[in-house]
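Examination of the molecular architecture
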Amino acid sequence: MALDKRQIVAEAVALLDADGLSGVTLRKLAARLGVQQPTLYWHLPNKAALLTAVADAILEEQFPELAPPQPAEPWQEWLVGLAERLRRALLAHPDGARLISLSQLSLRMAAISELAISTLVAREIPLRQARLIVLTVEHFTVGHVLEEQSGRPAATSAPDFDLEAFTQAHPTVVAGITEYFQDGRTPDDLFRDCLNVIIRGAATTASRAC
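Attention in this report is confined to the structure presented alongside it. Everything quoted here is computed from the prediction, not taken from an experiment. (Residues numbered from 1 in each chain as written. Predicted model: local features only at pLDDT ≥ 70, side-chain atom pairs only at ≥ 80, totals over all residues. Heavy atoms only, no water.)

**As for the overall build of the protein chain**
Selection rule: Secondary structure elements follow DSSP: runs of H or I no shorter than four residues count as helices, runs of E no shorter than two count as strands, and numbering proceeds from the N terminus. The cut-offs for exposure are 20% and 50% of the maximum accessible area for each residue type, with area from a 1.4 Å probe on protein chains only; residues under the lower value are buried, those over the upper are exposed, and the others partly exposed. Throughout, a residue-residue contact means that at least one pair of heavy atoms, one from each residue, lies within 4.5 Å. Only the protein chains shown count as cover for residues, and all accessible areas are computed by the Shrake-Rupley method using a 1.4 Å probe. Counting rule applied: Lys, Arg positive; Asp, Glu negative; His and chain ends not counted. By convention, the charge on Lys lies at NZ, on Arg at CZ, on Asp at CG and on Glu at CD.
Of regular secondary structure, the protein chain possesses 11 helices and zero strands. Taken over the C-alpha atoms alone, the protein chain extends approximately 60 × 55 × 25 Å along its principal axes. Of all 210 residues assigned to the protein chain, the portion counted as buried reaches 35%. Contacts in the protein chain between residues at least 24 apart in sequence constitute 71% of all its contacts with a sequence separation of at least 6. Total accessible area on the protein chain is roughly 12400 Å²; 56% of this is exposed by carbon and sulfur atoms. Considering the protein chain, the positive charge centre built from 19 side chains and the negative charge centre built from 25 side chains are found 6 Å apart.

This is the structure:
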């Protein structure tokens, strides 16, 4: 059977899941497909094109279709939901956020941005402000997932880390973390609450600009 781009990208996504972003190479991909590396160039001219195609593929898992909010749905809630879907898409694969940050020519990401900005403009938010709001939400989402996917070593695994001394030196930081999570809140809640802070502030600024 002839090799096609969809098959190549699907195998590259599997390689991403198996080995992370550093393992996604044309050499490894060719080996998995049982072809010579130059064969891939008929479909993807370089590694940048490959990564962009993989980025589009993982975004399409959460965004198979793009639709604006219903007329009665507040754009703020809709934009939070859009960002949550983007976060799920990135978290579904190792190094998903790194991949998206490297894929500046992702057509799916561009389509998401187009939909979000045009939605805000349709709600009478000035174009400049709409772009800044969407850009801030997208950057926050990717950055948040980058931190989530980087992993954090447990404090107990650092032999020179003194938790008691850290708490004494940074009591408000520790108290804030403890207070937030003591009622069973999750990292999902934290992401949504941070988004709400960003979007509420943006909505206030936008209303003043109108």
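**Description of helix α2 (residues 26-33)**
Stated formally: Arc definition: directions from the helix axis to the C-beta atoms.
Listed as buried for α2 are L26, L29, A30 and L33. For α2, the arc enclosing every buried residue in end-on projection is 100°, short of the 170-degree limit, so these residues lie on one face. Away from its buried face by more than 90 degrees, α2 exposes R27 and A31. In this structure, the buried side of α2 is in contact with α1 (5-19), α3 (37-40) and α4 (47-62). Positive backbone phi, approximately 70°, marks G34, located one or two places after α2.

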